[in-house]
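The lines below spell out each chain.
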Amino acid sequence: MAAVSLSVSTVKPLGDRVFVKVSASEEKTAGGILLPDTAKEKPQVGEVAAIGPGKRNDDGSRQELEVKVGDKVLYSKYAGTDIKLGTDEYVLLSEKDILAIVA
């Protein structure tokens, strides 16, 4: 899937969406073999760069997100929309696609 390229300075997610900066993928295997770009797996770990205001409840109030900016998270492999801002890669995904906060 091709990444969406944007030329903007800020991105503000809506609702329960989370904007995650993707961590760099592994350049070589545990045995030391260098991997070409086509053989690299899509990373599933990244750092939260921005969050939306939260999901709206039935009574109109907002439910806060469990993650905050700066958290390192593990997310589903094929979740979200890939976005490229300059040379940095991000993924925009729903909070439900985040599996865990990692240390």
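Structure first, text after, so check above.
In what follows, the accompanying structure is described. Sequence order as written defines the numbering, with residues in each chain counted from 1. Reporting of local features is limited, given that this is a predicted model, to residues whose pLDDT is at least 70; pairs of side-chain atoms are given and counted only at 80 or more, and all residues count toward the totals for whole chains, interfaces and linings. The side-chain figures draw on all heavy atoms in the structure; neither hydrogens nor water molecules are used.

### Overview of the packing of aromatic side chains
- Side-chain rings of Phe, Tyr and Trp, where Trp is taken by its six-membered ring, are said to pair if the distance between their centres is within 6.5 Å; with planes under 30 degrees apart they count as stacked, over 60 as edge-to-face, and otherwise as tilted. On inspection of all chains with the given rule, the structure shows one aromatic pair.
- With a centroid separation of 4.7 Å and 10° between ring planes, the pair formed by F19 and Y90 is classed as stacked. Remark: Y90 occurs in strand β8 (residues 88–94) and F19 occurs in strand β2 (residues 17–22); sequence separation between them is 71 residues. Across the pair, Y90 and F19 agree in class, each one buried. Where helices and strands are cited, they refer to DSSP runs of H or I of at least four residues and of E of at least two residues respectively, numbered from the N terminus. Buried means the residue's accessible area, taken with a 1.4 Å probe over protein chains only, is under 20% of the maximum for its type, while exposed means over 50%, and partly exposed covers the values in between.

### Here's the deal with the pattern of salt bridges
- The term salt bridge refers to a side-chain nitrogen of Lys or Arg lying within 4 Å of a carboxyl oxygen of Asp or Glu. Per the counting criterion, the structure on display carries three salt bridges.
- A salt bridge links R17 to D16, with the shortest nitrogen-to-oxygen separation between them at 3.6 Å.
- On the basis of relative accessible area, D16 is assigned to the buried category, the value being 17%.
- Measuring nitrogen to oxygen at the nearest pair gives 3.9 Å for the salt bridge that ties D88 to K21. Of this pair, D88 sits in strand β8 while K21 sits in strand β2; the two residues are 67 residues apart in sequence, bridging distant segments of the chain.
- Residue classification places D88 among the partly exposed residues on the basis of a relative accessible area of 29%.
- Given the relative accessible area of 36%, K21 is considered partly exposed.

### Thoughts on the side chain of S94
- Locating S94 in the fold gives a position in strand β8.
- Since its relative accessible area comes to 12%, S94 is described here as buried.
- Identification of polar contacts relies on pairs of N or O atoms within 3.5 Å, with a donor-acceptor requirement for protein atoms, meaning one able to donate a hydrogen and the other able to accept it, and with residues adjacent in sequence counted only if both atoms are side-chain atoms. At 3.3 Å, the side chain of S94 and the side chain of D16 are in polar contact.
- Between two residues, a contact is recorded if the distance between any of their heavy atoms is within 4.5 Å. Beyond its immediate stretch of four places on either side in the chain, S94 contacts D16 and R17.

### A word on the nonpolar core
- Throughout, nonpolar core names a set of buried Ala, Val, Leu, Ile, Met, Phe, Trp, Tyr and Cys residues whose side chains join them through atoms within 4.5 Å. Counting eleven residues, the largest nonpolar core consists of V18, V20, V22, V48, L65, V67, V73, Y75, V91, L93 and I98.
- At the level of secondary structure, the elements contributing two or more residues to this core comprise β2, β6 (72–75) and β8.
- Broken down by element, the residue count for this core peaks at three residues, all from β2.
- With residues near it in sequence (within four places) discarded, V22 still touches P43, V45, G46, Y75, E89, Y90 and V91.
- Counting five residues, the second largest nonpolar core, distinct from the first, contains F19, A50, I83 and Y90.

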